[in-house]
Amino acid sequence: MIDKKDAVQKLFTAKSSRVDTNKGDTYYQKLYEQCKQRVENLKNMDPFGGNKAQLQDVLSAEGCDRRDFLKWVSATTAMLMLPSFFEPLVAEAAEVMNRVPVIWIELQDCAGNSEALLRSEKPKVDEIILEIISLEFHETLMAAAGHQAEAQMQDAINTFKGRYLLFVEGSIPTAIGGYYGTIGASGETFEEHLKRLSADAAAVVAVGSCATFGGVPAAAPNPTGAKGVMDIVSGKPIINIPACPANPANMVGVILHYVLTGELPELDSLLRPKFAFGYRIHDTCERRVHFDAGEFVEEWGDAGAKNNFCLYKMGCKGPMTFNNCGIVRYNDGVNWPIGAGRGCIGCSEPDFWDKYAFERPIDDTTIVVASNSIDTKIDTSSFGVVAATEIGAGIYAAATALEKKRADKGEA
């Protein structure tokens, strides 16, 4: 018999649900000096790709004034878990983003992450990426096609060898020799394509659930043998930005961190940046107070649903999903799935499509803990708290609901 108190304690004190947001004055002063030197060095460089667009000119052209920009700087600095005195540096880093060449490729995907980026606002994140960063190649956005596109890509690889960030959107099919996905006149498979481009990249950024963990294409029975980037690429720094789609704020945050430091941000055991994936959905959810009070939506459209009660019993996977959705949100920060009345489906976790039954409560679900995480000794991430979450949340929910019923009846 599992002790209720111990189970709940494990649920809410899991290491991977805590992020060290204060590493001390000495650490941040040293980091500040490092970032300051990095930004100064970038200022002395010519923009890559001949892109001399100035950030303030771009923002002004799009109707964003200096005040809007500074608000964004403040929010981004906080998101990166940096003290407020870093804000001037973050602003300067944003202005030299055209010193960072980016090659973006799409493999087995729906282009949802590109769409999320292009349709974001405040400030015009798409303008920051496309007009400020040196975006050297993006199949969906570029005018060139066929041999011209291949020539442009190869020119970017040769020109920025060892310096470009390779963004990968979509999973990689590996069945029947990889021929479920080919590209270009030569019929290069997606796997060959990825390996060739990653070989000369400074780092590889996997964007979206498909590129990170295989996503929907890898769901059972996975006929194409879809895999994530980290299962294909080796010998290169890799950072995963999962979710379906990934939040544009997290994409820009990763690039800004790289501009500031020349390094990738601190990662968890699944290679996700901790500044974005160090939080459980459950811990930052506006409906958490209802979970604590034992107030749940029992069926769609009931009184609980109308009063924004907790969606746990309707299958919400917030207790075992790590992401900052509830903090950053989508569509200009207007809303997110739970805010719109739909439980979290766990899309930033590996194998979410198979592992989590969408409309079934967690305590009625049998979850098999994956054994192939990168390094469970570093940070158990979501896997390590799955068992505690399943047991603890179920017990806690049942206990709080019982206490509420007793209170309503006037029982002692």
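Residues numbered from 1 in each chain as written. Predicted model: local features only at pLDDT ≥ 70, side-chain atom pairs only at ≥ 80, totals over all residues. Heavy atoms only, no water.

### Remarks on helix α4 (residues 66–79)
No. 1: The terminal C-alpha atoms of α4, which comprises 14 residues, lie 20 Å apart, in line with the 20 Å expected from a rise of 1.5 Å per residue.
No. 2: Within α4 the residues assigned to the buried category are F69, W72, V73, T76, T77 and M79. Looking straight down α4, one finds its buried side chains confined to an arc of 155°; they lie on one side.
No. 3: Following α4 by one or two positions, M81 adopts a phi angle in the positive range, close to 60°. (Helix = DSSP H or I, 4+ residues; strand = E, 2+ residues; numbered from the N terminus. Expected span 1.5 Å × (residues − 1). Buried < 20%, exposed > 50% of the residue type's maximum accessible area, 1.4 Å probe, protein only. Arc of directions from axis to C-beta.)

### Here's the deal with the nonpolar core
A general feature of soluble globular proteins is that nonpolar side chains tend to end up buried together.
No. 1: Membership of the largest hydrophobic core comes to 48 residues, with the highest contact counts inside it found for F69, F86, F167, L256, V259 and L260.
No. 2: With near-sequence residues (within four places) excluded, L256 lies in contact with W72, T76, V90, A93, A94 and M97.
No. 3: M142, A149, F160 and L166 belong to the second-largest nonpolar core, a separate cluster that totals 30 residues. (Core = buried A, V, L, I, M, F, W, Y, C linked by side-chain atoms within 4.5 Å. Contact = heavy atoms within 4.5 Å.)

### Brief notes about the packing of aromatic side chains
No. 1: Per the counting criterion, the structure on display carries 10 aromatic pairs.
No. 2: Aromatic side chains Y27 and Y28 sit 5.1 Å apart centroid to centroid with 80° between the ring planes, which places their arrangement in the edge-to-face category.
No. 3: Take Y27: its relative accessible area is 38%, and that puts it in the partly exposed class.
No. 4: For Y28, a relative accessible area of 7% translates into the label buried.
No. 5: Residues F291 and F296 carry aromatic rings whose centres are separated by 5.9 Å and whose planes lie at 90° to one another, so their mutual orientation is edge-to-face.
No. 6: With a relative accessible area of 5%, F296 lands in the buried category.
No. 7: Chaining the aromatic ring pairs together yields one cluster made of Y32, F85 and F86.
No. 8: Between R38 and the ring centre of Y258, over which it is positioned, the NZ or CZ distance is 5.4 Å. (Phe/Tyr/Trp six-rings, centres within 6.5 Å; stacked < 30°, edge-to-face > 60°. Lys NZ or Arg CZ within 6 Å of the ring centre and 35° of its normal.)

### Focus on the sheet that holds strand β1 (residues 101–106)
No. 1: Taken in spatial order, the 5 strands line up as β2-β1-β3-β7-β9 in an open sheet, and their pairing is parallel. For this open sheet the edge positions go to β2 (134–138) and β9 (238–241), each flanked by a neighbour on one side alone. For this sheet the average axis-to-axis angle between neighbouring strands, irrespective of direction, equals 20°.
No. 2: Against the sheet, helix α11 (residues 248–261) makes contact with β1, β3 (165–169), β7 (203–207) and β9, and its axis sits at roughly 155° relative to β9, the strand it touches most. (Pairing = 2+ DSSP bridges. Axes fitted to C-alpha atoms, helices over the stretch in contact; angles between N-to-C directions.)

### Considerations on helix α9 (residues 190–199)
No. 1: Taken together, the buried positions of α9 are occupied by F190, H193, L194, L197 and S198. End-on, the buried residues of α9 take up no more than an arc of 120°, which puts them together on one face.

### Brief notes about the confidence of the model for the protein
No. 1: On average, residues of the protein carry a pLDDT of 79, and 76% of them reach 70 or more.
No. 2: For residues 363–396, every residue scores under 50 in pLDDT, and the model assigns this stretch 75 contacts once sequence neighbours within four places are set aside. (pLDDT = per-residue confidence, 0-100.)

### Things to note about the pairing of β2
No. 1: Within β2, 4 of the 5 residues are buried, leaving the element largely enclosed by the surrounding structure.
No. 2: Where β1 lies against β2, 4 bridges are found, and the strand directions are parallel. Opposite V102, over in β2, you have L135 as the bridge partner.

### Concerning the pairing of β9
Regular strands place side chains that alternate from one sheet face to the opposite one.
No. 1: Burial of β9 is two-sided: the residues I238 and N240 facing one way and the residues I239 and I241 facing the other way are all buried.
No. 2: Strand direction decides the pairing type here: β7 and β9, joined by 4 bridges, are parallel. Following the sheet pairing, V207 is matched in β9 by I241.

### Some details on the side chain of S348
No. 1: For S348, the location among the structural elements is in the loop between α16 (325–328) and α17 (352–355).
No. 2: For S348, a relative accessible area of 1% translates into the label buried.
No. 3: Here F322 takes part through its backbone oxygen, which lies 2.9 Å from a polar atom of the side chain of S348.
No. 4: Discounting residues that sit within four places of it in the chain, S348 has contacts with S209, F213, P242, A243, R272, F277, T321, F322 and N323. (Polar contact = N/O pair within 3.5 Å; in protein donor to acceptor, adjacent residues only side chain to side chain.)

### Considerations on the pattern of salt bridges
No. 1: All told, the structure shown has 13 salt bridges when counted by the stated rule.
No. 2: Between R66 and E95 there is a salt bridge, with its nearest N and O atoms 3.6 Å apart. In this pair, R66 sits in helix α4 while E95 sits in helix α5 (residues 87–95), placing the two residues 29 residues apart along the sequence.
No. 3: The salt bridge partner of E349 is R272, with a shortest N-O separation of 3.0 Å. With a gap of 77 residues between them, E349 in the loop between α16 and α17 and R272 in the loop between α11 and α12 (274–277) connect regions that are remote in the sequence. Neither residue differs from the other here; E349 and R272 are each classed as buried.
No. 4: Here the salt bridges do not stand alone but share partners, grouping R280, D283, R288 and D292 into one network. (Salt bridge = Lys/Arg side-chain N within 4 Å of Asp/Glu carboxyl O.)

### A look at the packing of α5 against α11
When two helices pack together, their arrangement is captured by the angle between the axes and the distance separating the axes.
No. 1: Here α5 crosses α11 at 100°, and the two axes come no closer than 9 Å. Classified by the angle between their axes, α5 and α11 sit roughly perpendicular to one another. Residues L89, V90, A93 and A94 of α5 form the contact with α11, whose own contacting residues are L256, V259 and L260.
No. 2: The residue inventory of the contact of α5 with α11, partitioned by class, reads 7 nonpolar, no polar and no charged. (Parallel < 35°, antiparallel > 145°, perpendicular 65-115°, else oblique. Nonpolar A, V, L, I, M, F, W, Y, C, P; charged D, E, K, R; others polar.)

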